[in-house]
Protein chains: 2
Amino acid sequence: MIDTKSKIIAAAVTCFRNNKSDTLERVAEEAGVSRRTLHRYFENRQDLIESCKNEMLNSCNKAMNEAYESDKDPIKKVRNMLFAAIEQGANYSFIKRIYEHSNYSDLDREKEFESDNVKSKWLKIIEELQKEKRINSELTVPWIFNLFGSIIETSIYAVEAGDVAKNDSKKFAWISFKGAIGLKE
Amino acid sequence: MIDTKSKIIAAAVTCFRNNKSDTLERVAEEAGVSRRTLHRYFENRQDLIESCKNEMLNSCNKAMNEAYESDKDPIKKVRNMLFAAIEQGANYSFIKRIYEHSNYSDLDREKEFESDNVKSKWLKIIEELQKEKRINSELTVPWIFNLFGSIIETSIYAVEAGDVAKNDSKKFAWISFKGAIGLKE
DNA sequence: ATTTTATGTCACATATTTGTGACATATTAC
DNA sequence: GTAATATGTCACAAATATGTGACATAAAAT
């Protein structure tokens, strides 16, 4: 069953984004299968993590790219990318964790994240907006990038924690991000 | 040596905030002592975590309270609390992780975080500012609270990653937070 | 100098996690 | 209905993590 593999990956993403050392037993349980079945689909822990990484990278890149293409206006591009990332929820969080504190496989960090060059597209928009003085000029691009990611995560977790409804969460995220970088529309 | 105990706690905070399942061996190594010594100061993993929790809670509460008292103006109170949290660095991150996704000891969650009622003081200021229409009225207080925490973390990690200098980081954080909530000074 | 005190090293028992083989039992396809 | 496929259960070996006792050594205190 191809579906089992997906179920396991989804479960692993859920588990590992909160705790990279979560047991395979727990992942299997979360997926609703036995550990033995998990091991039939994935040779070992590393294999599972790699699979999650690839899947989630594809999923997120696809969503972000579509969001990027969805509009001509650069500001709407950015807004839709923000929304897309929030929609990705756990998928996005997982990727972020994998790549941020480098505790997994530090290797080919940059390469893969930029493979589909979503990040560079995003950066170009921000740089352009900053050139046009439509963004607070006191802030640096790396700061804005970090901020963008962290507002997305705030949004995702706020929904999960039941603090905010999903649509509100997206709205709040955009209001906050715009305000945070002093974006003039 | 009383200092060894502190060294171990500091090391544990560093390790556990990135990976709650990090080995005691790793913690000991980070602290520059043998695992045997660690076990002389802490009965077991749980004991160590509890100690970290208490220490960091004290440290953060103290810093935030001082920041709160440091000025009459509520906005400056908030700003200084933001700065204080950023100064706490790893300490703050550790506490945040402990309390956010509830994977440690979910027990007495609220109680302890509010024990010194820093959070409630903070909340009162925000509620008051919102009543006075000095904050974007579309946003909810829980959202703003989450945002506050996440901007602090962004700031801390931006410094650690070498993306921004510490002072810039504090400045950026404040600019961003003000903007994000539409604060009128 | 000698006694405390703190730490390190090593060995060891225990517990947990991981990965696999063997076999039973569903579920699906033909 | 039978064969093929997917999954579950159980047992087990290997690896890793944890906690402790015994003893050596270094540092500090007297």
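Rules behind the numbers
Residues numbered from 1 in each chain as written. Chains lettered and ligands numbered in written order. Predicted model: local features only at pLDDT ≥ 70, side-chain atom pairs only at ≥ 80, totals over all residues. Helix = DSSP H or I, 4+ residues; strand = E, 2+ residues; numbered from the N terminus. Buried ≥ 20, exposed ≤ 12 C-beta atoms within 10 Å, placed from the backbone. Contact = placed C-beta atoms within 7 Å. Nonpolar A, V, L, I, M, F, W, Y, C, P; charged D, E, K, R; others polar. Core = buried A, V, L, I, M, F, W, Y, C linked by C-beta atoms within 7 Å. Expected span 1.5 Å × (residues − 1). Least-squares fit on C-alpha atoms with pLDDT ≥ 70 in both. UniProt positions renumbered as here; feature names shortened; annotations may be inferred. Domains from an automatic or database assignment.

- Chain A is annotated in an unreviewed UniProt entry as TetR/AcrR family transcriptional regulator of Rapidithrix thailandica.

1. Structural notes on the overall build of chain A
Inference 1: A count of helical and extended segments in chain A gives ten helices and zero strands.
Inference 2: Each helix (α) and strand (β) of chain A, taken in turn from the N terminus, gives the series α-α-α-α-α-α-α-α-α-α.
Inference 3: For chain A, the spread of C-alpha atoms along the principal axes amounts to about 55 × 35 × 30 Å.
Inference 4: Sorting the 185 residues of chain A into buried and exposed places 35% on the buried side.
Inference 5: When contacts within chain A are restricted to residue pairs at least 6 apart in sequence, long-range pairs at least 24 apart make up 60% of them.

2. Observations concerning unusual backbone geometry
Inference 1: The backbone of Lys-133 of chain A shows a phi angle near 60°, a positive value even though the residue is not glycine.
Inference 2: Within the secondary structure, Lys-133 of chain A sits in the loop between helix H8 (118-131) and helix H9 (141-160).

3. Side note on the interface of chain B and chain A
Inference 1: At the junction of the two partners, chain B supplies 28 residues and chain A supplies 28 residues.
Inference 2: Secondary-structure elements contributing two or more residues to the side of chain B that touches chain A are helix H9 (141-160) and helix H10 (166-180) of chain B.
Inference 3: Of all the elements, H9 of chain B adds the most residues to the side of chain B that touches chain A, at nine residues.
Inference 4: By residue class, the composition of the side of chain B that touches chain A is eleven nonpolar, 13 polar and four charged.

4. Re the nonpolar core
Inference 1: Ranked by size, the top nonpolar core spans 95 residues in total, and within it Ala-12 and Ile-152 of chain A together with Ala-12 and Ile-152 of chain B carry the most contacts.
Inference 2: In contact with Ile-152 of chain A, not counting residues within four places along its chain, are Leu-82, Ala-85, Ile-86, Tyr-92 and Ala-173 of chain A.

5. Comments concerning H9 of chain B
Inference 1: With 20 residues, H9 of chain B extends 29 Å between its outermost C-alpha atoms, agreeing within 8% with the 28 Å of an ideal straight helix rising 1.5 Å per residue.
Inference 2: Phi turns positive, to about 80°, at Gly-162 of chain B, one or two residues after H9 of chain B.

6. A short note on the relation of the copies chain B and chain A
Inference 1: Structural alignment of chain B on chain A gives an RMSD of 0.0 Å, achieved by rotating through 180° and translating 0.0 Å along the axis. As the rotation angle and translation indicate, the two copies are arranged about a two-fold axis.
Inference 2: Mapped onto chain A, 100% of the interface residues of chain B again fall at the interface, so both copies present the same surface.

7. Quick word on the environment of Val-27 of chain A
All names here are of chain A.
Inference 1: Along the chain, Val-27 falls in helix H2 (residues 24-31).
Inference 2: The sequence separation of Val-27 and Cys-15 amounts to twelve residues, and the corresponding C-alpha distance is 6.4 Å.
Inference 3: What Val-27 contacts, discounting residues up to four positions off in sequence, is Ile-8, Ala-11, Ala-12, Cys-15, Asp-22 and Leu-38.

8. Comments concerning the UniProt feature "DNA-binding region" (unreviewed entry) in chain A
Inference 1: The UniProt record marks residues 23-42 of chain A with the feature "DNA-binding region" (unreviewed entry), using the residue numbering of this structure.
Inference 2: Each end of residues 23-42 of chain A is marked by a C-alpha atom, and these two atoms are 14 Å apart; helix forms 75% of the span and strand 0%.

9. Some words on the environment of Leu-183 of chain B
All names here are of chain B.
Inference 1: Within the fold, Leu-183 resides in the segment after H10.
Inference 2: Residue Leu-183 is classed as partly exposed on the basis of its C-beta count, with 19 C-beta atoms lying within 10 Å.
Inference 3: Not counting chain neighbours up to four residues away, the residues in contact with Leu-183 comprise Arg-134, Ile-135 and Lys-178.

10. Details of the domain arrangement of chain A
Interfaces are often sized by the accessible area lost when the parts come together.
Inference 1: Splitting chain A by domain gives domain 1 (1-42) and domain 2 (52-180).
Inference 2: For the side of domain 1 of chain A that touches domain 2 of chain A, the class distribution of residues is four nonpolar, one polar and two charged.

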